[in-house]
Structures are given as structure tokens and as C-alpha cells.
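Notes for the structure review
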Amino acid sequence: MRSALLLFLLFWPWLLVAAEGPRQLFDFGQHLYSQGEYFRAITEFERLRFHFPTSAEAQRAQAMTARAYLAGGQPEQAATYLESLLKVDRPLADYLILFGLAKLDSQANAPYGMRAQRVEEAVLAFEAVAPEEPKAVYVQDFAREWRDRDQEAPYSPALAGSLSALLPGSGSFYLGRWREGAYAFLLTGLFAVASRESYQDGQAGLGALLGGFGLAFYGGNIYVALNSAHRLNDQYQSDQLMRLRRKHAIFFIPPGAGAPSRF
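Summarised in this report is the structure supplied together with it. Small disclaimer: the values here were computed from a predicted structure and weren't measured.

Here we look at the packing of helix H5 (residues 93-105) against helix H6 (residues 112-127)
The geometry of H5 relative to H6 is characterised by a closest axis approach of 8 Å and an angle of 165° between their N-to-C directions. When the axes of H5 and H6 are compared, the pair comes out roughly antiparallel. Between H5 and H6 the crossing geometry is left-handed. Contacts between H5 and H6 involve Leu-96, Ile-97, Phe-99, Gly-100, Leu-101, Lys-103 and Leu-104 from the first element and Arg-115, Arg-118, Val-119, Glu-121, Ala-122, Ala-125 and Phe-126 from the second.

Let's talk about helix H3 (residues 56-71)
The terminal C-alpha atoms of H3, which comprises 16 residues, lie 23 Å apart, in line with the 22 Å expected from a rise of 1.5 Å per residue. Most of H3 sits out of view: 13 of its 16 residues are buried. Of the residues trailing H3, Gly-73 is marked for its positive phi of about 75°.

Comments concerning the pattern of salt bridges
The final tally for this structure, using the stated rule, is 13 salt bridges. A salt bridge links Arg-144 to Asp-141, with the shortest nitrogen-to-oxygen separation between them at 2.7 Å. Of the two residues, Arg-144 and Asp-141 both sit in helix H7 (residues 136-148), three residues apart, roughly one turn of that helix. Residue Arg-144 is classed as partly exposed on the basis of its relative accessible area of 46%. Residues Glu-180 and Arg-177 are paired through a salt bridge, measuring 2.9 Å at the closest nitrogen-oxygen approach. Salt bridges sharing common partners tie together Arg-67, Asp-94 and Lys-135.

What counts as what
Residues numbered from 1 in each chain as written. Predicted model: local features only at pLDDT ≥ 70, side-chain atom pairs only at ≥ 80, totals over all residues. Heavy atoms only, no water. Axes fitted to C-alpha atoms, helices over the stretch in contact; angles between N-to-C directions. Helix = DSSP H or I, 4+ residues; strand = E, 2+ residues; numbered from the N terminus. Parallel < 35°, antiparallel > 145°, perpendicular 65-115°, else oblique. Left-handed = near helix turned anticlockwise from the far one by under 90°. Contact = heavy atoms within 4.5 Å. Expected span 1.5 Å × (residues − 1). Buried < 20%, exposed > 50% of the residue type's maximum accessible area, 1.4 Å probe, protein only. Salt bridge = Lys/Arg side-chain N within 4 Å of Asp/Glu carboxyl O.

Here is the structure:
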């Protein structure tokens, strides 16, 4: 009797899981997900996969785990999780689409240049979705337009820097940054004039000091023009990406956060 009781105490958690079954575990995870308890939902989906790895619900639980990471504001974890699945499972449409969305949302507020590789990985994932899949049309239209976009940068950093080297501020004028250009022109000009007058008045030390400041502003105005051109080009790419994402609704929207996500 005592041994039977000991065995029961050891195995009762497993018996409870078996009594619940994969469908019950999946439904409970779905319930937690719908209530916004995304990380508790992940625990339930992972519990399902551990106890019933070959069940039909296990594969659905994997996709829901990725969705829960995305809904919980963790796109990097979602991408890493999906990447591990794509290495061992056949590339299911849901996995590829969610992986692409996770990559697009990773470091979404960083400059485009820092996340260009992630965007490329997202587009490749969208392109890998089988055309016959119902959701393929959304992501592949987006991918096609992204590939066909005008990739020529609107501004030339070399030209902006050269113009500022010839005439302080003119590189900023070329970029449409009028106030920045006016400050560069006036300050560099004022230091140059003040330095010349100091030399003419026999104040060589003061003239050299003012001339040094003038050279510093002159070099700074070239750097500012170059940097501004790069930043404007980067913003142009970011704006293009966001415009196409909005056009094709390439966003993951969690439950209760607005219109339901098509993904």
C-alpha cells in the first residue's frame, strides 16, 4: 500500500498531463494568449510540445509560441525561436511569415543601415513561402515591390561634402537644411574675418586662435554635410520600408491591439 502511494505521488503530475491531453493544453494556451498573458501561454505551449511532441497540436503550438513572443514585444526571441524550427522542420508558411515579421520588427527604431540585413532576411523568408499558400499573396506582393523599389539614394554624400569644402554651408543647402547651412556659412565667415583683422592689427596670437576656430568650424561644416546626407538617405530607406509595410499590412497585431492581424 505504501509503495503504491509513493508511486502515485511520483507520477501524479504526469497523470494529470495525460488526462488533460494535447487538445486541452493547446486550448488553455490559446486562452492565455487571448487574454494577453503571452509568456504564460508560451509555458503552456512548450509544456504541450514536451509531453506530446508528435501530436497534431504540437506543430500549432510552435507557431503560437512565436506569435506569443511577437505579441509580447520580443521579436528577437521570436526570430531566434523560429530560426531553430526552420532548421529542423520543413519550411511551413506560418513559420516563414512569422520569421519575416519578427525580422522586420527587430530593432525597428534603429537606423535602417543597422537593420538592413534583417530586412533582407525577412524578404527572403517571404519569397520562400509557397505561392499556393493562402497568405502568400500578401507577403510576396510586399517582397516584390521591395525588390522593385527605387534603390538610388536621393542625396550624394560626396557632393554634399565637396560643396561644403568649396563654400561653407552650401552642402547643407543642397540637402535642404537651410538653417544648418546658414550657421555654417556665418560662423566660419565670422571667424575668418576676425582672424584676418587680428593679424592686420598686429595681434598674431589672437589671429591664430581665431583662425584655428575658423578651421575647426570649416572642417565641422564638411563633416555635418556628409553626415546629414547619410542620415537623410537612411531615413529615405526607412520611409520606403514603412510605406510598403503599411500598403500591404505587413504587421503582426496581437489580440486586443486593434484590427486582428492577418498573420
